Amino acid sequence: MVPRLLDRQISLLDYLTSARAIFGTDGPAARDPPPPGFDTGLLRLEACFSHEKRMEKITAAFPQTFRLLGKDQSEIARKFASACPPTGNGRIENARQFCEFIAGQEQTEPPYLRDVTTCEFALAKVRVAFERGESDRLKEEHAAAGSVRRARGLILRKCEYDVRRIFEAAPENAVPVRRNTLLAILIRPGARNPQIFELLPVGTLVVLDEWTETAGLGCAPELDAMLRELAEHGLAEMRL
């Protein structure tokens, strides 16, 4: 039976994203031969080109991660390509796959690599949201007076290491301290670039996913003052 066109297209895409096509490797990938009727040399050229374009997007989103990987960059890229075929060509989708791949590694070197990678993924998401103008559209939302929520463009990351210095000047000299750290990543009002802040280990911002009446959070004066301070720094939104 002549294979359907769709089946041939799927087979071709599977082969072009395989480690065998990209790196010329044997092993498990060799069980899947190249689709018949194509020049294997041209297929590998296309596979290598597509892989390089994909990795360009990923390295652009994770500059500090790849700096820390050093000489292991090529090996990580090879393992990633073998384990995670692309599911789309968007920046965020490819970055998400790479972030999940690093998070799934049993051991990383340096040990704070996972925290750096998850923070860089958050930075990428914040930048893309800003470029799309999503924060501007949120201004049109309505909420009852006396309500508060976490700033919609803010991303929280619970880290095992305090990796903030990695994202400051001269990161090559930074050695993060191992301690549980809650970081907030966002583009503050009036700014154009994302910033990273450390938050005290309190659950207020963590639970404020949606608009919540402040009366339901308690009536302590210090809580009201804290919420207003968070709003002043762009970490929370309040409707007075």
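Residues numbered from 1 in each chain as written. Predicted model: local features only at pLDDT ≥ 70, side-chain atom pairs only at ≥ 80, totals over all residues. Heavy atoms only, no water.

Caption draft 1: Representation of the overall build of the protein chain within the structure. Across its full length, the protein chain holds 10 helices and 6 strands. Each of the 240 residues in the protein chain was classed as buried or not, and the buried ones make up 37%. By sequence separation, contacts in the protein chain at least 24 residues apart represent 62% of the contacts at least 6 residues apart. Accessible surface, the protein chain: about 14,500 Å² in total, of which carbon and sulfur atoms supply 54%. (Helix = DSSP H or I, 4+ residues; strand = E, 2+ residues; numbered from the N terminus. Buried < 20%, exposed > 50% of the residue type's maximum accessible area, 1.4 Å probe, protein only. Contact = heavy atoms within 4.5 Å. Areas by Shrake-Rupley, 256 points an atom, 1.4 Å probe, with all protein chains shown as cover.)

Caption draft 2: Spatial organisation of the sheet that holds strand 1 (residues 147-150). In spatial order, the strands read 5-1-6; together these 3 strands make up an open sheet with antiparallel pairing. Looking at strand neighbours, the two that pair on one side only are strand 5 (212-213) and strand 6 (236-239), the edges of this open sheet. When strand 1 meets strand 6, the two strands line up antiparallel, connected through 4 bridges. Looking across to strand 6, one finds that valine 148 is bridged to methionine 238. (Pairing = 2+ DSSP bridges.)

Caption draft 3: Quick peek at helix 5 (residues 73-83). Where helix 5 is concerned, the buried positions are Ile76, Ala77, Phe80 and Ala81. Considered in projection along helix 5, the buried side chains sweep an arc of 130° and stay on one side of the axis. Along helix 5, the residues that are exposed and aim more than 90 degrees away from the buried face are Ser74 and Ala83. (Arc of directions from axis to C-beta.)

Caption draft 4: A look at the packing of helix 5 against helix 6 (residues 91-103). Between helix 5 and helix 6, the least distance of the axes is 11 Å, while the angle of their chain directions is 110°. As the angle between them shows, helix 5 and helix 6 are arranged roughly perpendicular. Each of Ile76, Lys79, Phe80 and Ala83 in helix 5 lies in contact with helix 6, whose residues at this interface are Asn94, Gln97, Phe98, Phe101 and Ile102. For the contact of helix 5 with helix 6, the residue count by class is 6 nonpolar, 2 polar and 1 charged. (Axes fitted to C-alpha atoms, helices over the stretch in contact; angles between N-to-C directions. Parallel < 35°, antiparallel > 145°, perpendicular 65-115°, else oblique. Nonpolar A, V, L, I, M, F, W, Y, C, P; charged D, E, K, R; others polar.)

Caption draft 5: View of the environment of glutamate 56. You can see glutamate 56 is positioned in helix 3 (residues 40-61). As for glutamate 56 and arginine 91, which are separated by 35 residues in sequence, their C-alpha atoms are 9.9 Å apart.

Caption draft 6: Representation of unusual backbone geometry. In the segment running from glutamate 109 into proline 110, the intervening peptide bond is cis, with an omega of 0°. Considering the arrangement of structural elements, one finds proline 110 in the loop between helix 6 and helix 7 (113-131).

Caption draft 7: Summary view of the side chain of threonine 181. On the secondary structure map, threonine 181 appears in strand 3 (residues 177-186). Polar contacts involving the side chain of threonine 181 include one to the main-chain carbonyl oxygen of arginine 179, which spans 2.8 Å. Leave out the neighbours within four places in its chain, and threonine 181 touches Arg157, Lys158, Cys159, Tyr161, Asp162 and Glu198. (Polar contact = N/O pair within 3.5 Å; in protein donor to acceptor, adjacent residues only side chain to side chain.)

Keep in mind that these numbers describe shape and distance, not what the molecule does.
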